[in-house]
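Examining the three-dimensional arrangement
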Amino acid sequence: MARIAFIGLGNMGGPMAANLVKAGHQVTGFDLAAPVLQAAQAHGVTAASHISQAVLDAEIVVTMLPQGKHVLSAWTDILRSIPTGTLVIDSSTIDVDSARQAHEMASNAGCLSLDAPVSGGTGGAAAGTLTFMAGGSDEAFAKAKPILEAMGKKIVHCGENGAGQAAKICNNMILGISMIGVCEAFALGEKLGLSHQALFDVASTSSGQCWSISTYCPVPGPVPTSPANNGYKPGFAAALMLKDLRLSQEAALSTGASTPLGAEASQLYALFEKQGNGGRDFSAIIEMLRGKPE
Ligand code: NAD
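Quick caveat: nothing in here was measured; it's all calculated off a predicted structure.

1. Focus: the UniProt feature "active site" (unreviewed entry) in the chain
Cross-referencing UniProt, the feature "active site" (unreviewed entry) maps to Lys168 in the present numbering. Take Lys168: it is sitting in helix 8 (residues 163–191). Those residues within four positions of Lys168 in sequence are excluded, and the remaining contacts are Thr93, Pro117, Val118, Ser119, Met133 and Asp244.

2. Describing the environment of Gly159
Position of Gly159 among the secondary structure elements: in strand 9 (residues 152–159). Sequence separation between Gly159 and Ile78 is 81 residues; the distance between their C-alpha atoms is 24 Å. In contact with Gly159, other than residues within four places in its own chain, are Ala134, Gly135 and Gly136.

3. Remarks on the packing of aromatic side chains
One pair of aromatic rings is described through two measures. These are the centre distance and the angle between the planes. Evaluated as defined, the whole model comprises five aromatic pairs. With centroids separated by 4.7 Å and ring planes inclined at 20 degrees, the aromatic side chains of Trp211 and Tyr216 adopt a geometry described as stacked. Relative accessible area serves as the criterion here: at 10%, Tyr216 is assigned to the buried category.

4. Structural notes on the site of the ligand
As a matter of local geometry, the ligand sits amid 21 residues, with Asn11, Met12, Asp31, Leu65 and Lys243 nearest to it. In this structure, an oxygen atom belonging to the ligand sits 3.0 Å away from a main-chain N or O atom of Thr93. Lys243 places a polar side-chain atom, nitrogen or oxygen, 2.8 Å from an oxygen atom of the ligand. When isolated, the ligand has an accessible area of 830 Å², and the protein chains bury 84% of it. Breaking the shell around the ligand down by element, the ones donating at least two residues are helix 6 (121–127) and helix 11 (238–255). When its residues are assigned to classes, the shell around the ligand shows eleven nonpolar, seven polar and three charged.

The rules behind each value
- Residues numbered from 1 in each chain as written.
- Predicted model: local features only at pLDDT ≥ 70, side-chain atom pairs only at ≥ 80, totals over all residues.
- Heavy atoms only, no water.
- UniProt positions renumbered as here; feature names shortened; annotations may be inferred.
- Helix = DSSP H or I, 4+ residues; strand = E, 2+ residues; numbered from the N terminus.
- Contact = heavy atoms within 4.5 Å.
- Phe/Tyr/Trp six-rings, centres within 6.5 Å; stacked < 30°, edge-to-face > 60°.
- Buried < 20%, exposed > 50% of the residue type's maximum accessible area, 1.4 Å probe, protein only.
- Near = heavy atom within 4 Å.
- Polar contact = N/O pair within 3.5 Å; in protein donor to acceptor, adjacent residues only side chain to side chain.
- Areas by Shrake-Rupley, 256 points an atom, 1.4 Å probe, with all protein chains shown as cover.
- Nonpolar A, V, L, I, M, F, W, Y, C, P; charged D, E, K, R; others polar.

Have a look at this one:
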């Protein structure tokens, strides 16, 4: 069993750290917010009063923070306090450039590093069924894998430094675009007098099939577990979808990739968030696409 430091114990990090404890690891945690640190203690995490104290004896450090700037600032503190050879894993969703910068900082400090963002949301974090997409050396991946397996059910090594973040934003760009496509189809079907169930029965078994319709149908009824049946309570909040679409557009700009539908999806989610919907599930965008009720 390993000594693990976990930095960032919020909606995702809290349950992920709790699963590491359940798997028998010795976990020391730190978060700037006292309430989440206390909540983690209730799950067997030892609370540290400072980030450097949390990582002092750690063999492996995991960060789960909001954005690239938070990760770079935390990694600066972490790398100052750990011996060479320690593995540092970042599971936050951040821009590819910051992820690569974090790897370089770790390499300069003689440490192993992995970018390993996740998919599966807070439900997957609690159930220990996350998918991890990892970027980094074979050595870092081999050392991280048994630790990640305590928090997830699928662990994919996507390539070198930054490849995990690249896979994450490409996947979520598909998701944002496909959700808008499915919502437009249901809104059009409604105008044409087509029942939700009829469109679902056809499209979920035909060439329109995708996760946004089969697993996460944006209208109530056909998939009873989708957020549409629960007042669009997230699930996956529209604000987080907007964040990931913006990361995809930053990456498209810096690489010169052409992603016109990704750009459009990003604009639509920005508008949806401006209308006060950032905290609702991202599939609720169907309401904006329907326009005002007649
Ligand atoms: P969150 O806001 O609930 O948690 C982030 C935590 O980091 C907060 O508790 C905050 O106090 C803490 N923090 C910030 N700066 C810190 C620092 N310097 N030192 C220590 N703690 C610090 O966010 P979350 O929902 O847990 O998401 C974390 C990351 O995971 C994000 O990058 C998000 O995009 C990604 N993600 C979230 C989901 C989801 O469904 N919530 C799904 C996949 C990926």
